[in-house]
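The residues making up each chain are set out below.
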Amino acid sequence: MNKAGLSGIYRDYIACLNKQDWARLGQFVDEEAIHNGRRIGLSGYREMLERDFDEIPDLYFNVQMLISDSPYIASRIGFDCTPRGKFLGLPINGRKVSFAENVFYEFRSEKIVQVWSVVDKAAIEAQL
C-alpha cells in the first residue's frame, strides 16, 4: 500500500473513533490486534475505547503529526479534555488537561494489527 493510501485509512480510522462509530471499528482493526504487547483483539480494543470515552466524555483525537512508511504509521495525537475521576492513576476529577499520545501502528491488509502507545503523563502531572 502506498503512503497516501495508508494515511487516508488512518485518518478514516481516527474519524471513526471521534464519531464513536463502534460498528465500523472492525473495518480498521484486526480481530487479533495487539496493544502495547498484549493481544486484546478487536473486542478488547473496542472495550478499551468505549471505556476511554466513558471516563473522558469530551475525548477527541486530534492528529497533530502523521508519518506513513507502509506498513507503519507514526502519529502524535493531541488531547484537550476533561477526564472524570482518575486518569492514568492521577486525580484529574473533572479538570481540563492537555497532553499528547505518541503512537505507532502496524497495518496488515489495511487493518491495524499492532499498536505501540505512550501517553505524555508528565505533561498531565505538570498541570495538576
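Residues numbered from 1 in each chain as written. Predicted model: local features only at pLDDT ≥ 70, side-chain atom pairs only at ≥ 80, totals over all residues. Heavy atoms only, no water.

Visitor: Got a minute to help me understand the nonpolar core in this structure?
Guide: Taken as a class, soluble globular proteins show a tendency for nonpolar side chains to be buried jointly. Counting residues in hydrophobic clusters, the biggest one holds 37 residues, and the most contacted among them are Tyr10, Tyr13, Leu25, Val29, Tyr45, Phe61 and Tyr105. Where this core is concerned, the elements lending two or more residues are helix H1 (3-19), strand E1 (29-35), helix H2 (41-55), strand E4 (72-81), strand E7 (97-108) and strand E8 (111-119). Take this core: its biggest share by element is seven residues, from H1. The contact partners of Tyr13, leaving out residues within four places of it in the chain, are Leu25, Phe28, Val29, Tyr45, Tyr105 and Ile112. (Core = buried A, V, L, I, M, F, W, Y, C linked by side-chain atoms within 4.5 Å. Buried < 20%, exposed > 50% of the residue type's maximum accessible area, 1.4 Å probe, protein only. Helix = DSSP H or I, 4+ residues; strand = E, 2+ residues; numbered from the N terminus. Contact = heavy atoms within 4.5 Å.)

Visitor: Before we go on, may I ask you to explain unusual backbone geometry in this structure?
Guide: Leaving glycine out, the prevailing phi sign among residues is negative, and the prevailing peptide bond configuration is trans. Of note, the bond from Ser70 into Pro71 is cis; its omega dihedral lies within 30 degrees of zero at 15 degrees. For Pro71, the position within the fold is in the loop between strand E3 (62-69) and E4. The backbone of Gln20 shows a phi angle near 55 degrees, a positive value even though the residue is not glycine. Mapped onto the secondary structure, Gln20 falls in the loop between H1 and E1.

Visitor: Would you mind going over the layout of surface pockets with me for this structure?
Guide: In this approach a probe as big as a water molecule rolls over the atoms, and the regions it shows empty are the leftover space. The calculated volume of the largest pocket comes to roughly 570 Å³. In terms of lining residues, the largest pocket is bounded by 28 residues, among which His35, Met48, Asp52, Glu101 and Ser117 are the most central. Grouping the amino acids of the lining of the largest pocket by side-chain chemistry returns 18 nonpolar, four polar and six charged. (1 Å grid on protein atoms, 1.4 Å probe; cavity = no way out; pocket = protein on both sides within 12 Å on 5 of 7 lines; lining within 4 Å. Points joined across faces, edges and corners; volume = space filled by probe spheres on them. Nonpolar A, V, L, I, M, F, W, Y, C, P; charged D, E, K, R; others polar.)

Visitor: I would appreciate a short explanation of the pattern of salt bridges in the present structure.
Guide: Opposite charge on two side chains permits pairing when their charged atoms draw close. Evaluated as defined, the whole model comprises five salt bridges. Glu32 is paired through a salt bridge with Arg39; the nearest N and O atoms lie 4.0 Å apart. Taking the relative accessible area as the measure of exposure, Glu32 reaches 45% and is therefore partly exposed. Relative accessible area serves as the criterion here: at 56%, Arg39 is assigned to the exposed category. Taking the shortest distance from any N to any O, the salt bridge between Lys96 and Asp58 comes out at 3.5 Å. Placement of the pair is Lys96 in the loop between strand E6 (90-91) and E7 and Asp58 in the loop between H2 and E3, with a sequence separation of 38 residues. (Salt bridge = Lys/Arg side-chain N within 4 Å of Asp/Glu carboxyl O.)

Visitor: In this structure, what is going on with H2? I would like to understand it.
Guide: Side chains three or four residues apart in an α-helix point the same way, a direct result of the helix having 3.6 residues per turn. Taking 1.5 Å per residue as the helical rise, H2 with its 15 residues ought to reach 21 Å, and the 21 Å between its terminal C-alpha atoms agrees with that figure. Turning to H2, its buried residues number three or more, namely Gly41, Leu42, Gly44, Tyr45, Met48, Leu49 and Phe53. (Expected span 1.5 Å × (residues − 1).)

Visitor: What's the story with the pairing of E7 in this structure? I'm lost.
Guide: Regular strands have side chains that alternate between both faces of the sheet. Bridge analysis of E4 against E7 gives ten bridges, and the strand direction is antiparallel. Bridge pairing in E7 links Phe79 to Phe99. One ladder, built from eight bridges, connects E7 with E8; its direction is antiparallel. Across the sheet, Glu101 pairs through a bridge with Val119, a residue of E8. (Pairing = 2+ DSSP bridges.)

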